[in-house]
Amino acid sequence: MLSPADSLAPEWLVVPDDVNDLAAAVWPASARRDVDGVVQLAGVSATALAQTHGTPLLVIDEDEVRARARSFRVAFDRAAAEHGTTAQVYYAGKALLTTVIARWVVDEGLRVDVCTGGELAVALAAGVAPASLGFHGNNKSVAELERAVEVGVGTIIVDSAIEVERLAAITARTGATQRVLVRVISGVHAETHDFLATAHEDQKFGFPLLEAEQAVARIREIPGLEFAGLHCHIGSQIFGVAGFRESASRVLELHASLLEGGPVPQLNLGGGFGIAYTRLDDPTPIETLAGEIVAAVAEGCAARGITVPALSFEPGRAIVGTAGVTLYEVGTTKDVALDSGATRRYVSVDGGMSDNARPALYGAQFSARLASRAGTGEPQLSRVVGKHCESGDIVVDHEFLPADVAPGDLLAVPATGAYCAPLASNYNHVPRPPIVAVRDGRSTVIVRGETIDDVLSRDAGIEASENLR
């Protein structure tokens, strides 16, 4: 029989048999509890990590990132070979890009996708070969495009007619030749949050299918541009392959028609492959994704009597998301009586929307577990909230935590490797936390945490005040 508090839980959230368990799909493969109940990540305890690096702290399991990157490369290589073509896998750097992570994925045979001049600078600083970079963005500035052409970025994904003309001017002035893909909107509506769906018609990315042919014709007229093919991305956090199949079918219609005017060597179908954030999420295995998507392209090409092009894909979240775990320290707990007669437990931690904006931005759901010990209390429906002056500052909206969670405990929120650190802010002048890599029982800082001095260093009024003294 449900208690009044249990009735507040969404249908997908069930009372766990073990309130200390670590659901395999949500956590890195290395995650486990030691004999004292402390969560271990790659052989490093949560308590040791917090003592050494402080909290909040984003922990990235290096072997998890490498294994997932390798799995994508192998799966798409095999699937492509079965249909007589090749596949390239680009790591979508927007998910989480540091020089160290860029080196990991390149070591595992991936290329890197960037979407701003800043991300390009990180990739170059990491030593990534410019020829293995793809450059996205709906509003690349002239300066960004000039830099990309200057360093020899392998592929620029063109997003508008204005960008085509900007590249025409740059290549005419420099004498360079730039390889480009044309991003198209397939019109497929991915089953995801509206802000994560990128292939419906009413949004900022790409050319509608009817306009893309004109864009390609213009590119083929420009001596300094090499048309390399088409690009389409239907969204993010997508389960299953139905959307990818339909999108590929629509884009192949355009691909086939463009062959009448010249070669169309490449088809990039983007990424957006989902991961598990809660135990109820059931992401599609990488091997299934690769096999079925490539087979759909091959079937579509056969039906049109055309050769299967070289293929490209851009996973980001699916490589780094599950590798990340954020550690927080509990500051206060509070039981709030509701009009329904139920009581909701609020567990406040020392971070929040400044290090994970996704719940506030998308209504994203996360999980949480007590990390510094095993809880002994009964499962208590709880809401994990941050320290910011904002009612929407929610880290985990619904979770069953042990009723004995108390100030000073460590909480771990898994699946925070993607789109948490990149979206971090200094809201309420809170410094952004460090990022630490773990492997073989050791931890290494890969992005240092900010200090209050770092945050204040941009305030020109402080320097002006000091000069008046």
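Residues numbered from 1 in each chain as written. Predicted model: local features only at pLDDT ≥ 70, side-chain atom pairs only at ≥ 80, totals over all residues. Heavy atoms only, no water.

What follows deals with the overall build of the protein. In terms of regular secondary structure, the protein is built from 13 helices and 21 strands. In terms of overall dimensions, the protein is globule-like: its C-alpha atoms have a radius of gyration of 24 Å, near the 23 Å expected for 469 residues. For the protein, the spread of C-alpha atoms along the principal axes amounts to about 70 × 70 × 45 Å. Of all 469 residues assigned to the protein, the portion counted as buried reaches 54%. Summarising the internal contacts of the protein: among those between residues at least 6 apart in sequence, 71% fall at separations of at least 24. Of the roughly 19,700 Å² of accessible surface on the protein, a fraction of 51% belongs to carbon and sulfur atoms. (Helix = DSSP H or I, 4+ residues; strand = E, 2+ residues; numbered from the N terminus. Rg over C-alpha atoms; globule rule 2.2 N^0.38 Å. Buried < 20%, exposed > 50% of the residue type's maximum accessible area, 1.4 Å probe, protein only. Contact = heavy atoms within 4.5 Å. Areas by Shrake-Rupley, 256 points an atom, 1.4 Å probe, with all protein chains shown as cover.)

In a pair of packed helices, the angle between the axes and the distance between the axes together describe the arrangement. Between helix 5 (residues 142-151) and helix 6 (residues 161-174), the least distance of the axes is 10 Å, while the angle of their chain directions is 50 degrees. If you check the angle between helix 5 and helix 6, you find them oblique. Relative to helix 6, the crossing made by helix 5 is right-handed. Across from V142, L145, E146 and V149 in helix 5, the residues of helix 6 making contact are E163, R166, L167, I170, R173 and T174. (Axes fitted to C-alpha atoms, helices over the stretch in contact; angles between N-to-C directions. Parallel < 35°, antiparallel > 145°, perpendicular 65-115°, else oblique. Left-handed = near helix turned anticlockwise from the far one by under 90°.)

A few words now on the packing of aromatic side chains. Tallied over the full model, the rule gives six aromatic pairs. With a centroid separation of 6.2 Å and an interplanar angle of 15 degrees, the aromatic rings of F72 and F76 are classed as stacked. Pair noted here: F72 and F76 are both in helix 2 (residues 62-82), with a separation of four residues, about one helical turn. Of the residues examined, F72 reaches a relative accessible area of 0% and is grouped as buried. With 5.1 Å between their ring centres and 40 degrees between their planes, F244 and F273 make a pair best called tilted. (Phe/Tyr/Trp six-rings, centres within 6.5 Å; stacked < 30°, edge-to-face > 60°.)

Moving on: the pattern of salt bridges. Tallied over the full model, the rule gives 24 salt bridges. D107 is paired through a salt bridge with R66; the nearest N and O atoms lie 3.2 Å apart. In this pair, D107 is assigned in helix 3 (residues 99-107) and R66 in helix 2, connecting sequence segments 41 residues apart. Given a relative accessible area of 12%, R66 falls into the buried group. Here E163 and K140 are joined by a salt bridge, their closest N and O atoms 2.7 Å apart. With a gap of 23 residues between them, E163 in helix 6 and K140 in the loop between strand 7 (133-135) and helix 5 connect regions that are remote in the sequence. Through salt bridges with shared partners, a single ionic network connects E62, D63, R66, R70, D107, E108 and R439. (Salt bridge = Lys/Arg side-chain N within 4 Å of Asp/Glu carboxyl O.)

Moving on: a nonpolar patch on the surface. A grouping of I452, L456 and I462 is seen on the molecular surface, where their side chains present a nonpolar patch of about 220 Å² in accessible area. Considering the arrangement of structural elements, one finds I462 in helix 13 (residues 460-468). (Patch = residues over 30% accessible without salt bridge, like charges linked within 9 Å, V, L, I, M, F, W, Y side chains within 5 Å.)

This part takes up the state of the cysteines. Counting across every chain of the model gives zero disulfides. Free of any disulfide, C115 has its nearest neighbouring cysteine sulfur in C420, separated by 16 Å. (Disulfide = S-S within 2.5 Å.)

Turning our attention to unusual backbone geometry. Of the consecutive residues T55 and P56, the connecting peptide bond is found in the cis state with omega at -5 degrees. Inspection of the secondary structure assignment puts P56 in the loop between helix 1 (46-53) and strand 4 (57-61). The phi torsion at A415 lies on the positive side, around 60 degrees, for a residue other than glycine. For A415, a relative accessible area of 0% corresponds to the buried category.

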